[in-house]
Amino acid sequence: MILILAVLFFLLILLIGGERGAMSFIALCGNVVALAFAVLLITAGFPPLLITAVLAAAIHAITLVYQNGRNIKTFAAVISSGIMTLVLFLFVLLLSNRMHLSGLNEIDQQGDFPVYYSFHIHINMAQVAVSMIIIGLLGAVMDTSVAVASALYEVHRHSPSLKKKELFASGIVIGKDILATTLNTLYFAYIGESMMLLLYLQKYHYSFVSMMNSKAFLQEFTCIIVSAIGCMLIIPISAAVSAEMFEKKRVPEEQKKAVRQKIRQLSENLTDEYRKQADASIAEQLLELPEYQAANVVFCFASMPGEIDTSAIFADAFRRGKKVGVPKCISRGIMEVYEIKSLEDLEESGPYHIREPKGQSDGKSLEESGLILPEEIDFAVVPCVSCSGDGKRLGHGGGYYDRYLEKTRAYKAAVCRSKEMCADIPVDEHDLLMDVVISEKI
Amino acid sequence: MKRNREFLKQHRWQLGLFTVLLVIVFFAFHDAFLYTQTIGKVTHTETAISGNATNYNTDNDAQKETLYEQKLTIRILNGVHKGEQIKVKSSYAYSQIDSEKYSRGDRVFLEIKGEKQISSAIVNGVKRDQYAVLLTAALVFAILCIAGKKGARALVSLLLNIGIFICSIFLYEKGADLLKMSYALVGIFTVLTVLIVDGPNKRSFAAIVSTLLTTFLAVEVFYLALHFGGEIDYASLDYVTGGQDLETIFLAGICLTSLGAVMDVSISIAAGLNEVVEKNPEVKLRELLSSGREIGHDITGTMINVLFFTYMCGLLPVLIIKLKNSIQLLTIVRLQIPFEIARFLLGGISILLAIPVSIVITTVALKLRRKGAEA
């Protein structure tokens, strides 16, 4: 029966979860092995508290770092969850000795345990009780801390200018939203687990008072309450740690501003003649790229004054019958891509006076409106303020392209005149690397 | 000074709450007068080694542990002997599996012999209720301080659920059919919790339907596995009292156990997809499905771990005792804890099933609504 369930679980996780499901499964197996290993070590006589601390660290690495990848979100979650676990560790250490939760409870002591098993095993079961509570809360605390950290990261990405205080406040708001469901998950998980115990207590007419004093009930009760307290306290901790770390990450923004300023001054001094020549050479090289020629759906920006002239690229793409998409600002930091059949389909609009596809979305179906989904794009021509030869790109600072292109599998070609290139482009976490940077041949 | 006053003003209700909870906890630490059993407080301990004991279930001769004897001075806190000091002997073993090591400040139940004068007394259990109150107070304070009104709502929903659960245990004792009752419980819990968390709207409707459907599917999976995989030995279930239909109890436990997690998945997917449709009413079906999958992925990985650690932590003491009694880890896993494993696997399966189920249900609900709006 277990085997059938296990196979079914495995199949479902692969079927529904795909690649990431497989990763979750591996992480779960890792946790099982880590837990089994810890139990064996404790049995071999190593101090339970020390083993628990090591186990907690290992579980963090497996569950958070392996499953979510090495990035700033994960590290924020690991740090906050680590702090929380440590604090609760001390709290439980104080409490559990006072509460006398060690070893077997009254009910187990009456069963067949004392008949078959020797209780003189030379292991400090008071410490094992602490381990038990700590292991029980790990899952829930990690879950909440990841939820807060990654949601806060999204907030930070969409509005990078937010200060530490504001980030913290919105972390708390996020925490409030998930708190109710987290509490419920815990509550039901423990209810299902302790139902047999509760029925037992009921059957033997334990009074409320004797239940509240019994080891059997309080072992379960302490586990659930301490987990819940952990889930609550992790919210401000995770919000604070994430806010602190994300704001630190913001420093490159200042450097980016400086580089942007420098390049803009540079480009003002460029002659029209140089620009024309450079743009023509860039377009020519781009059209020769095999990735471009193989592409069915091409994404290209409509150039503003001062930017590289893309009209030659558009002309070629129309001639070859490729599907051509142009970006349109939807809201702050968010853009969508719409198909155009000719440059006539563009009109100047939006806060930046960029040429964009004419108002499509009103009242038309998807096919009519010509929305192109990010996954459809094969090849993207990306504008920049400046680029480095190895593919680091500096945009205008709105984050539109970084956010959009992250969702595509497209081959990303940035175009940049050689006099506007810069060897040292400051980048942070969410800047995408370009696949190729094209500048004119000299 | 001024700063202090401002701080007080700003955090008035938090301070009020703190004071109230503090009073309650203080009361719980001094509630001995409410008990009819005699309660004492350990004021002094003297501990001495009294001997050795061996683990008879191992070949290893070095497996000895020390036994201790304690002389406790206890002040009686209630009853006719209130205020009297007595001396009591108690013993414990290093492992503390079935014996307790007492320390100063512990409150214990006493069994006293002798009419007017105490002739003999033994310690008969630890008084723990004050810590239960302390923990609960700490949790309430944390919830309310961090989440304010939303926290209060979550607390109310939790209290309601606990109340209903207690009622149902009483009903069970009166002879209600456990299986029917747990199905009813699942229904009531789901509707109540989702409505309180999310309010009455189309999202919650979709979440409720998907939760119920998923739970139903999980039960079918259980029966299927039972049908093809054969019975499990219910005798190794914990706290068996005899005269119970163990299969039903186990099933009821499964329904309830993953309910919270399934609801979490359903609510997240329903809310997420609703958001997508609201932002872009013309969104394609294909994209809606992939959004749903994305949301599902984000939560299941950690959710399965939550269940895993919640279930497995309780096994720790028993596992260690058995291992130390020369039983192999594999034997224990195979024969002695199949329930915890089956319960965890079924919980995981429910969470996974909840993803496609709630995607389909939410999509259908959103489409239907749109058609209704067009007509």
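Scroll up to find the structure.
The written sequence of each chain sets the order in which its residues are numbered from 1. Each chain gets a letter, beginning with A, and each ligand a number, beginning with 1, in the order they are written. Local features in this predicted model are restricted to residues whose pLDDT is 70 or higher, and side-chain atom pairs enter the listing and the counts only when it is 80 or higher, whereas totals over whole chains, interfaces and linings include all residues. As a rule here, side-chain values cover all heavy atoms of the structure and leave hydrogens and water aside.

Visitor: Give a detailed account of the packing of aromatic side chains, specifying residues and quantitative values.
Guide: A pair of aromatic rings is counted whenever rings of Phe, Tyr or Trp (Trp by its six-membered ring) have centres within 6.5 Å, and the orientation is called stacked for planes under 30 degrees apart, edge-to-face for over 60 and tilted otherwise. Tallying each qualifying case throughout the model produces 23 aromatic pairs over all chains. With centroids separated by 5.3 Å and ring planes inclined at 70°, the aromatic side chains of A:Y153 and A:F246 adopt a geometry described as edge-to-face. One end of the pair, A:Y153, is in helix α6 (residues 125–158); the other, A:F246, is in helix α9 (residues 215–249), and 93 residues separate them in sequence. Only protein chains enter the accessibility calculation, which uses a 1.4 Å probe. A residue is then buried if its area is under 20% of the maximum for its type, exposed if over 50%, and partly exposed in between. Look at A:Y153 and you get buried, because its relative accessible area is 7%. Geometrically, the ring pair formed by B:Y35 and B:F109 is tilted, given 5.7 Å between the ring centres and 55° between the ring planes. Of this pair, B:Y35 sits in the loop between α2 (12–29) and β1 (38–54) while B:F109 is found in strand β4 (residues 107–113), placing the two residues 74 residues apart along the sequence. Like B:Y35, the residue B:F109 is buried in the burial classification. A network of ring pairs unites the aromatic residues A:F9, A:F10, A:F25, B:F308, B:F309 and B:F344 as a single cluster. Secondary structure elements follow DSSP: runs of H or I no shorter than four residues count as helices, runs of E no shorter than two count as strands, and numbering proceeds from the N terminus.

Visitor: Explain the interface of chain B and chain A residue by residue, including any values.
Guide: Residue contacts follow a heavy-atom distance rule, with two residues in contact if any of their heavy atoms lie within 4.5 Å. Between chain B and chain A, the residue contacts involve 131 residues of the former and 113 residues of the latter. Approximately 11000 Å² of surface area, both sides summed, lies buried where chain B meets chain A, with 72% of it carried by carbon and sulfur atoms. Buried area counts how much accessible surface, traced with a 1.4 Å probe, disappears from two parts once they are put together, with both parts' losses summed. By the criterion of area lost to chain A, the three top residues of chain B are B:R128, B:Y239 and B:F309, representing 8% of everything that side buries. Each reported salt bridge corresponds to a side-chain nitrogen of Lys or Arg within 4 Å of a carboxyl oxygen of Asp or Glu. Connecting chain B to chain A are 5 salt bridges. Measuring nitrogen to oxygen at the nearest pair gives 3.1 Å for the salt bridge that ties B:E100 to A:K215. Any pair of N or O atoms that falls within 3.5 Å is considered a polar contact. Within protein, one atom must be able to donate a hydrogen and the other to accept it, and sequence-neighbouring residues count only if both atoms are side-chain atoms. At the boundary of chain B with chain A, the tally comes to 29 residue pairs in polar contact (both at pLDDT 80 or more). With 24 residues, the single largest contributor to the side of chain B that touches chain A is helix α3 (residues 129–173) of chain B. Residues are grouped as follows: nonpolar covers Ala, Val, Leu, Ile, Met, Phe, Trp, Tyr, Cys and Pro; charged covers Asp, Glu, Lys and Arg; every other residue, Gly included, is treated as polar. When its residues are assigned to classes, the side of chain B that touches chain A shows 76 nonpolar, 31 polar and 24 charged.

Visitor: Can you lay out the sheet that holds β4(B) for me, pointing to particular residues and giving the numbers?
Guide: One key point about sheets: their strands pair by backbone hydrogen bonds, in either a parallel or an antiparallel sense. Residue and element names in this part refer to chain B. Strands sit in the order β3-β2-β1-β4-β5 across an open sheet of 5 strands; the sheet is antiparallel. Looking at the sheet topology across the chains shown, the edges are occupied by β3 (85–93) and β5 (120–126). With direction set aside, neighbouring strand axes in the sheet form an average angle of 40°. Where β4 and β5 come together, 5 bridges link them in antiparallel fashion. Counterpart to L110 in the pairing with β5 is V123. When DSSP finds two or more bridges between two strands, those strands count as paired. To get an axis, a line is fitted to the C-alpha atoms, and for a helix only the part in contact is used. The angle between two axes follows their N-to-C directions and goes from 0 to 180 degrees.

Functional significance is not addressed by these values, which are geometric in nature.
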